[in-house]
Amino acid sequence: QSRFRSNIELQSSLSVDRVSDDKAATTTSKEEESKGIRPLHQNWWPVVTVDSLKEDRPNQIRVLGKPLVTYFNQKDEEWKVLDDMCSHRFAPLSEGRVLNGNLQCAYHG
């Protein structure tokens with residue numbers, strides 16, 4: 001891996017909270033759409049340098065205040081980024097383990 005491959009990119013893993021004026025934060029105005037402007041969560045972001053991550057375990061990170069987990073998938077030979085929450089038990093996936101290229105919850109496997 002190159003030392004300069006420091007961008008772990010995320011796109012669809014960020015969920016959007018509702019704002020108070022009945023518009024979702026994902027809503028863009030016609031003016032923004034015509035200019036090609038997208039909301040923050042719909043863009044690719046560098047979130048952490050690869051040098052600071054451990055390939056053998058999940059790594060907890062935060063982007064825009066949102067807890068995320070990143071791990072190295074050896075099958076695909078790339079870093080993956082997900083919400084840091086198990087969809088079944090809502091436990092932090094960053095406390096789990098990587099098994100056969102998949103992120104496994106520490107609480108229920």
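Here, every reference points to the structure presented above.
Residues numbered from 1 in each chain as written. Predicted model: local features only at pLDDT ≥ 70, side-chain atom pairs only at ≥ 80, totals over all residues. Heavy atoms only, no water.

1. Remarks on the overall build of the protein
When its secondary structure is counted, the protein shows one helix and five strands. For the protein, the residues scored as buried account for 33% of the 109 residues in total. Taking as baseline every contact in the protein between residues at least 6 positions apart, the subset at least 24 positions apart corresponds to 47%. Of the roughly 7700 Å² of accessible surface on the protein, 46% is carried by carbon and sulfur atoms. (Helix = DSSP H or I, 4+ residues; strand = E, 2+ residues; numbered from the N terminus. Buried < 20%, exposed > 50% of the residue type's maximum accessible area, 1.4 Å probe, protein only. Contact = heavy atoms within 4.5 Å. Areas by Shrake-Rupley, 256 points an atom, 1.4 Å probe, with all protein chains shown as cover.)

2. Digging into the pairing of strand E1 (residues 59–63)
On E1, burial follows the alternation: Asn59, Ile61 and Val63 on one face are buried, whereas Gln60 and Arg62 on the facing-out side are not. Here E1 folds back onto strand E2 (residues 66–73), and the loop between the two strands holds two residues, one of which, Leu64, carries a positive phi near 55 degrees. (Pairing = 2+ DSSP bridges.)

3. Section: the packing of aromatic side chains
Applying the stated rule across the entire model yields one aromatic pair. Between the aromatic rings of Phe72 and Trp79, the centroid separation amounts to 5.3 Å while the plane-to-plane angle is 65 degrees, which identifies the pairing as edge-to-face. (Phe/Tyr/Trp six-rings, centres within 6.5 Å; stacked < 30°, edge-to-face > 60°.)

4. Observations concerning the pattern of salt bridges
Tallying each qualifying case throughout the model produces three salt bridges. Of the charged contacts, one joins Lys66 and Asp83 as a salt bridge, the two residues approaching to 3.6 Å between their closest N and O atoms. Placement of Lys66 in strand E2 and of Asp83 in strand E3 (residues 78–83) is noted, with a sequence separation of 17 residues between them. Look at the salt bridges and you will find they share partners, linking Asp76, Glu78 and Lys80 into a network. (Salt bridge = Lys/Arg side-chain N within 4 Å of Asp/Glu carboxyl O.)

5. Some details on the nonpolar core
One finds Val47, Val48, Val50, Leu53, Ile61, Val63, Leu68, Phe72, Trp79 and Val81 forming the largest nonpolar core, which totals ten residues. Looking at this core, the elements that each hand over two or more residues are E1, E2 and E3. Residues Tyr71, Cys86, Leu103 and Cys105 belong to the second largest nonpolar core, which totals seven residues. (Core = buried A, V, L, I, M, F, W, Y, C linked by side-chain atoms within 4.5 Å.)

6. Concerning the sheet that holds E3
If you trace the three strands from one edge of the open sheet to the other, you get E1-E2-E3, paired in antiparallel fashion. Both edges of this open sheet fall to E1 and E3, since each of them pairs with a single strand only. Going across the sheet, the axis of each strand differs from the next one's by a mean of 35 degrees, ignoring polarity. Here E1 pairs with E2 via five bridges, running antiparallel. Looking across to E2, one finds that Arg62 is bridged to Pro67. (Axes fitted to C-alpha atoms, helices over the stretch in contact; angles between N-to-C directions.)

The values are spatial; any link to function lies outside them.
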